Number of protein chains: 2
Amino acid sequence: MSAPATGGRVLVASNRGPLSFTAGPGGRLSARRGGGGLVSGLLSVAAERDVLWVCAALSDADRAAARRAPDGQLSLDGTTGGAGVRLLDIPPGTFGAAYNKVANSVLWFVQHLLYSTPHEPQFGAAFQRDWDEFRRYNAAFAAALATAPGADRAVVQDYHLSLVPRMLAERRPGIRIAHFTHTPWAPPEYFRILPDAVGREVLEGMLGADHAGFLSLRWADAFLACCQEILGAAVDHTARQVRYRGHLTTVGVHPLGVDAAELTGRAAQPDVQERAAALAGATRGARLIVRVDRTELSKNIIRGLAAFRELLVTRPQWRGKVTHVAFAYPSRTDVPEYRAYTEDIQRLAAVINEEFGTPDWQPLMLEVFDDFARSLAAYLLADVLLVNPIRDGMNLVAKEAPILSRHGCAVVLSTEAGAADELGSEALLVNPYDISATAEALHAALVMPDAERIRRCQALAEISAAMPPRRWFDGQLAALDPPGEPDPVPAADPVPA
Amino acid sequence: MSAPATGGRVLVASNRGPLSFTAGPGGRLSARRGGGGLVSGLLSVAAERDVLWVCAALSDADRAAARRAPDGQLSLDGTTGGAGVRLLDIPPGTFGAAYNKVANSVLWFVQHLLYSTPHEPQFGAAFQRDWDEFRRYNAAFAAALATAPGADRAVVQDYHLSLVPRMLAERRPGIRIAHFTHTPWAPPEYFRILPDAVGREVLEGMLGADHAGFLSLRWADAFLACCQEILGAAVDHTARQVRYRGHLTTVGVHPLGVDAAELTGRAAQPDVQERAAALAGATRGARLIVRVDRTELSKNIIRGLAAFRELLVTRPQWRGKVTHVAFAYPSRTDVPEYRAYTEDIQRLAAVINEEFGTPDWQPLMLEVFDDFARSLAAYLLADVLLVNPIRDGMNLVAKEAPILSRHGCAVVLSTEAGAADELGSEALLVNPYDISATAEALHAALVMPDAERIRRCQALAEISAAMPPRRWFDGQLAALDPPGEPDPVPAADPVPA
């Protein structure tokens, strides 16, 4: 392994890691590198630092690989530098309850304000059992981190692992711990939905960290408000610090951006270029409103389609001239509410095509099968990008498309996405619940003069590239340095005022 | 009319007034006095002051009465003193859109956090038309108030009339205006669901008042936060004052209570006593857990039944010994979601009776037909009162039952009811989403020693009687006095610390 640039070994913990395995004939396991901002950012960090990445085995093949590896630890291939990976073989029952029942069905719903409160949630005996499994799942990570030799810093990723910082601090005093939340954070009035002891345990778990990072100032401030109102912690809102039971946690904003060089390189590959040509042919020169999302309740795809319909009603001049390309990729298809959401999307799309389509023009192209290369192709061709989540930690689609757009796309962006903090001055901001306002913003985007659209898109691309994953991750590490000993790597910029 | 005790004529505005009419044979109209805290409080005030009460005609008979009265103004009968009533003949289309579509289906849902956000609301062209009607409805009240002769103060009641203060201040400079909100108030992160211009218009409308009153410190603070974050108004959180466009609005907490003498007198009537005897006979000496609610999505009746079921599962010693008397009276039966909620309640009640009932014991007595005398009878007999709303401006049931309870009831009370501010020290507080915690609180209430239960109930009764409607209303009037000229009537106490 290469020598660390500064300090000792760095531990990273996240539910999903950089490696996944598939079993071939005769039980042979083959490894595959994962994608996503965290993985690419961390792999570039790992080239210069001694990193051990602790993550969960997500499949039977992952579990088999974990069991075969000495001490459960694996190496990435030579190109990734000094990173090691430890896959945790967590019992499936524990993993399922922690990941699906608690993290994705409760904590996610609370942080995104998704509950239909008259009916859900109902916290009874079943939830208490799931919560015990969530503790076990967190404890498995804490145990692995606590026993990894030689490390002086740990960077724990996301709400799945919110109990880890406190558990780790108790087991390994002296290690510096950062936690980072990739979701929004709920205001105290909504966070109080959680059972009292559970809400306290989440907050106390995170306050075991020396630094708690968020994607937006809004989420950081909401977390501070929860610490104050629910825990009664001493909160300095100006300095963004929480003192609780004698321990100080600093709270910071680290707005994850895009590695522009990597993204542009990927989009130059033949598979993307072929799909761009095919999409251009299929849409016959119509102007393109593009959206790309997982089919997630928070992504607000239904209201996006309804806004496109309202555009065609109130601004009929766009009929025959604009096509809405909507990629809504499957997500959590094991949950009935998500399957129903996909069906609602497909039904509304059919209604719109039936109502407005002509032999020469299909108003809406909805695709529900995941194809990353085709997503990038759509970014290349987009005239307008629609990103209208009802609530979103950041939303990287809003940052990727302007970097790739060939002729400068306008971005219609929800005020409730974390990305609005940085992109708000150049995007067209909309209230995601307001279909009329969204339709008007789509119209404004379509009539925007070319020069203005291109200028805005360039500005959006620059902002989006300012905090690539590598720099974003270094910012979290730097936040762990004791005061007066700054990390030589530049720290993360604060959010633009 | 009797002479005013202090100052000039007082105008009161509310959607529902103190009088309603029914048409008899030959079109003869007969008047009936309404009930409720506001009516009784105001009628006692009206005995000493010159009050004109402006409200909406709610039925065809009301409209006919309004049209027959000179200037649309009616008198109450002699026993109520100097109050006059003006029934506004608002076009049914305007009233229906304002009251049902905007106030009860949007503003109510926002303030109570009731939306299933992935699906509702969707603000499109239809909502914009409804909003225009809401403006017209508010303007009708403002016009009636602005042209009433001789008044120097106006007290405007509730969220239906949130636009009135600003409209009135513009039409009649110099009149002092109070507005009072009977609902909770949403935190800014949820209030932002409203279309941007609509949210601003609501806040600006209320800031036309000189004083804005709320039932709980939490709701007052949430309103202040909305003024600051959404309007950018200058807010002094300590003094609870908002300065906006050169106008100062003070914000106050006026926790409405119960007129204990009136309530006790009513409960002594034969109809209540007969029902108490019948209820005692039907429940055969079982201990009684009582709830009384409108069947309103915010009242959390389903989780209440589920908590009772969990009590019978986890504490089987109560089987055969406790009966849950649940009165869930029809509300908004024109709205499908409310009808479905009633059906869900009936279904769950049947399941519980089927699961646990014996020939000698019916675990659950659910009644869905409104009977006020029977409600009071249940308060007389209650061992435990269950009040578990997911969110509630105040909740007067929690204050009425302890006043009437014959042998001292314990109160299991949601932390999310405004009443928890005052009653929290003597009630058993529960998170309304937590069925296990609610079941445990019911158990704790049932095993509470008699002496403690009686002492707590007496304390709850005293707190509940401390701010009867008359005094509550005088507090709003006193808040309109210029500084240094206190009203001779005692001002409302602040919330107990």
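Residues numbered from 1 in each chain as written. Chains lettered and ligands numbered in written order. Predicted model: local features only at pLDDT ≥ 70, side-chain atom pairs only at ≥ 80, totals over all residues. Heavy atoms only, no water.

Undergrad: Residues and numbers for the pairing of strand 4 (residues 51-56) of chain A, please.
TA: Residue and element names in this part refer to chain A. Counting buried positions along strand 4 gives six out of six residues, so the element sits mostly inside the fold. Along strand 4, one buried face is formed by Val51, Trp53 and Cys55 and the opposite face, lined by Leu52, Val54 and Ala56, is buried too. Relative to strand 4, strand 1 (residues 9-13) is paired through four bridges, and the arrangement is parallel. Across the sheet, residue valine 10 finds its bridge partner in strand 4, namely valine 51. Summarising the sheet, strand 4 and strand 6 (residues 84-88) pair through five bridges and their orientation is parallel. When the sheet's bridge partners are listed, alanine 56 is paired in strand 6 with leucine 88. (Buried < 20%, exposed > 50% of the residue type's maximum accessible area, 1.4 Å probe, protein only. Helix = DSSP H or I, 4+ residues; strand = E, 2+ residues; numbered from the N terminus. Pairing = 2+ DSSP bridges.)

Undergrad: Residues and numbers for the relation of the copies chain A and chain B, please.
TA: Expressed as a screw transformation, the operator carrying chain A onto chain B has a rotation angle of 180° and an axial translation of 0.0 Å, and the superposed copies differ by an RMSD of 0.0 Å. The superposition of one copy onto the other is thereby described by a two-fold rotation axis. Within chain A, serine 116 of chain A has its C-alpha nearest the rotation axis, a separation of 2.0 Å. (Least-squares fit on C-alpha atoms with pLDDT ≥ 70 in both.)

Undergrad: So what's going on with the pattern of salt bridges? Residues and values would help.
TA: All told, the structure shown has 64 salt bridges over all chains when counted by the stated rule. The salt bridge partner of glutamate 189 of chain A is arginine 218 of chain B, with a shortest N-O separation of 2.9 Å. Taken together, the residues glutamate 189 of chain A in helix 6 (residues 188-191) and arginine 218 of chain B in helix 8 (residues 217-231) connect one chain to another. The exposure classification of glutamate 189 of chain A matches that of arginine 218 of chain B, with both residues buried. Residue arginine 332 of chain B pairs with glutamate 296 of chain B through a salt bridge whose shortest N-O separation is 3.9 Å. Residue arginine 332 of chain B is found in the loop between strand 14 (322-329) and helix 12 (336-356), and its partner glutamate 296 of chain B is found in the loop between strand 13 (287-294) and helix 11 (301-314); the two are separated by 36 residues along the sequence. (Salt bridge = Lys/Arg side-chain N within 4 Å of Asp/Glu carboxyl O.)

Undergrad: Give me the packing of aromatic side chains: which residues, what numbers.
TA: Counted according to the given criterion, the structure contains 31 aromatic pairs over all chains. Ring centres 6.0 Å apart and planes at 65° place the aromatic pair phenylalanine 95 of chain A and tyrosine 137 of chain A in the edge-to-face group. Of the two residues, phenylalanine 95 of chain A sits in helix 3 (residues 92-111) while tyrosine 137 of chain A sits in helix 4 (residues 125-146), which places them 42 residues apart along the sequence. By the ring-pair criterion, three or more aromatic residues cluster together here, those being Phe95, Tyr99, Phe123, Phe127, Trp131, Phe134, Tyr137 and Phe141 of chain A. The ring centre of phenylalanine 327 of chain B lies 4.4 Å from the NZ or CZ of arginine 374 of chain B, which sits over that ring. (Phe/Tyr/Trp six-rings, centres within 6.5 Å; stacked < 30°, edge-to-face > 60°. Lys NZ or Arg CZ within 6 Å of the ring centre and 35° of its normal.)

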